[in-house]
Amino acid sequence: MTTLNKMTIFIRNVNLSISVSLTVLKLVGFWAPNDIKNNFNIIYYLYAIVTFMILLGIYLIIQVVDMFLIWGDLPLMTGTAFLLFTNLAQAIKILNLVWKRQRVEEIIFNANQLLRDQRTEEGKNIVKKCDRETTLQQLLYFCLTTITVAGWAGSAEKNKLPLRAWYPYDTSKSPAYEITYVHQVGALFVAAYLNVGKDTLVTALIAQCRCRLKLVGLALRNLNEELKADDKHIFNAEQQFVVRRRLNRCVVQHQSALEATVQLQDCFSVPTFAQFTVSMVIICVTAFQLASQTGNLVRVFSMGTYLLNMTFQVFLYCYQGNQLSEESMEIAGAAYESPWYTFSSSTRRSILVLMSRSRRPARLKAGGFTTLSLASYMAIIKASYSFFTVLQQVDENK
C-alpha cells in the first residue's frame, strides 16, 4: 500500500524518515516489495532468513553460549549482556514487524494519503514541520549509532575481537581472526542501522498521528473560513450547512487519527514493552562497563556514546507518546477558538461533544502497562540507575 515506484529501491513517503526506514527494511529482506512476483516471494523470504542469521541469529547463539561459560563473573557477564539483550530486543521487533506487516502498511498508507493531500499552506507547513522533526531525530540517532559502532570496531586490541562472544574455533589465529572480525563489525553496522530504522519507523508513525491531530485542530479553527456573517454575526442557512459539513469532516478525521493510535498500540505495544524492559538492563550494564573501563580510551568513548544511544532510543518513544497525548487534548482548545457562537444550536452541540471527547487524551502504552510519556522515561532512567548501584555493590563485595 505504500507508494512504491516500480524498478526503484527507495520507498517514497511524505515523511522522509519513514521512507528511509522502509527502504532499509526492504534491502535486508524484512519488507517485501508490493510488486514482487510470486515466483520471487520464496527467494526473497529465504534471503530474509539468511540476513537474519548473519545479522542477529549467529550473534544470539554465540553470545548465549558465552554467557553460560562465564556465568558468575560479573564484569565478563555485563560485557556480553549489553549486546545480547540489544539483539534479543531487535529480534522481537523484527519478528513483530514481519508478522504484522499488513496492518502496519495500512497505517502507513492511510497517513501518507491524508498528509500528502493537504492543500492549504498552513496544512503543508504542519506536515513539513513533522517531517523535519522526525528526520532530525533519525539523523541524530544514526550519528550516535555510527560513532558507537565505529568506536567498538576501533577499540579492538591485537588479535582480540571488538565484542565478547564464544566461537567453536580459535579466533586469535589468522585467517580466522580476520574473517570473524569482518563479520562482527559488518553485522554490527548493518544491524545497528536496521535497529535505528525500526525504532524511527514507529516513532515517526506516532509523530504522524500527532500531525493528523494538529490538522484537525487547524480545520476546527477555520470552520468559518471564507464565510462572511451578517451584521449580527450570524451565518445564513447555506453557510450553516457548509460549517456543518466541515465539522463532520473534522469529526471523521479526528476519529480516524484516534483509530490509527489504537492500531499503533495493537501493532507495537508488546515489542515496545520488551524494548523498555531490555533498555533498563542495557543502560544499567553499559553504565557498569563504562565505570570499569580504564585503559582503552576509544572503548570508553564508544561505551559512553552507546549509553547515550540507548537513553535516546527510549526518549524518542516516550517523547512522541507524550506529545501525542498533549496534542489530542488540544483539540478542545482548537474547537473553542472557532467562532462557535455564530453557529446553529445543533452545530454547537456537536462541537461540545467533540470537545468532551478530546478531554480524554490518546495514550500509547507499552505492553498495556507503561504509558509512553516523559514521566515513564524518567522512571526507566531511575530504575536503571538503581540496578547499576546494585551491580556495583555486588562487584565490590566479591
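Parameters at a glance
Every chain begins its residue count from 1, and numbering advances along the sequence as written. Given that the model is predicted, a residue must reach a pLDDT of at least 70 before its local features are reported, and side-chain atom pairs must reach 80 or more before they are shown or counted; all residues, however, enter totals for whole chains, interfaces and linings. Side-chain numbers here rest on the full set of heavy atoms in the structure, without hydrogens or water. UniProt positions are given in the numbering used here, feature names are shortened, and annotations may be inferred rather than shown by experiment. By convention a nonpolar core is built from buried Ala, Val, Leu, Ile, Met, Phe, Trp, Tyr and Cys residues, the set being connected through side-chain atoms within 4.5 Å. Each residue's exposure class comes from its accessible area (1.4 Å probe, protein chains only) as a fraction of the maximum for that residue type: buried when under 20%, exposed when over 50%, partly exposed otherwise. Strands are runs of DSSP state E lasting at least 2 residues, helices are runs of H or I lasting at least 4, and numbering of each runs from the N terminus. Should any heavy atoms of two residues lie within 4.5 Å, those residues are considered in contact. A 1.4 Å probe that fits but cannot get out identifies a cavity on a 1 Å grid over protein atoms alone, an open set with protein on both sides within 12 Å along at least five of seven lines counts as a pocket, and a residue lines either if it has an atom within 4 Å of a point. Grid points are joined across faces, edges and corners, and a volume is the space filled by probe spheres set on the points. Charged means Asp, Glu, Lys or Arg here, nonpolar means Ala, Val, Leu, Ile, Met, Phe, Trp, Tyr, Cys or Pro, and polar covers whatever is left, Gly included. Under the rule applied, a polar contact is a pair of N or O atoms within 3.5 Å (in protein, one hydrogen donor and one hydrogen acceptor; residues adjacent in sequence only if both atoms are side-chain atoms).

Going by the annotation in an unreviewed UniProt entry, the name recorded for the protein is Odorant receptor, with Histia rhodope given as the source organism. Its UniProt record gives the protein a comment under Sequence similarities (unreviewed entry), which states: "Belongs to the insect chemoreceptor superfamily. Heteromeric odorant receptor channel (TC 1.A.69) family." As its UniProt record puts it under Subcellular location (unreviewed entry), the protein is described as follows: "Cell membrane".

1. Considerations on the nonpolar core
Leu205 and Leu220 are the most contacted members of the largest nonpolar core, which has 83 residues in total. Counting residues per element, this core draws most heavily on helix 6 (residues 176-221), which supplies 15 residues. Leave out the neighbours within four places in its chain, and leucine 205 touches Ile18, Val104, Ile107, Ile108, Leu264 and Phe268. Listed in part, the eight residues of the second largest apolar core include Ile126, Cys211, Leu215 and Leu218.

2. Thoughts on the layout of surface pockets
As a volume, the second largest pocket reaches approximately 490 Å³. Surrounding the second largest pocket, 18 residues form its lining, Gln118, Thr120, Ala219, Glu225 and Arg249 being those nearest its centre. Put simply, the parts of the chain that give the lining of the second largest pocket at least two residues each are helix 5 (121-154), helix 6 and helix 7 (237-292). Counting residues per element, the lining of the second largest pocket draws most heavily on helix 7, at four residues. Class assignment for the residues of the lining of the second largest pocket results in six nonpolar, four polar and eight charged.

3. Description of the side chain of glutamine 275
Among the secondary structure elements, glutamine 275 is positioned in helix 7. A polar side-chain atom of glutamine 275 sits 2.7 Å from a polar atom in the side chain of lysine 93.

4. Structural notes on the environment of valine 300
Of note, valine 300 is situated in helix 8 (residues 297-337). Judged by its relative accessible area of 24%, valine 300 is partly exposed. For the pair valine 300 and glutamate 106, spaced 194 residues apart in sequence, the C-alpha to C-alpha distance is 43 Å.

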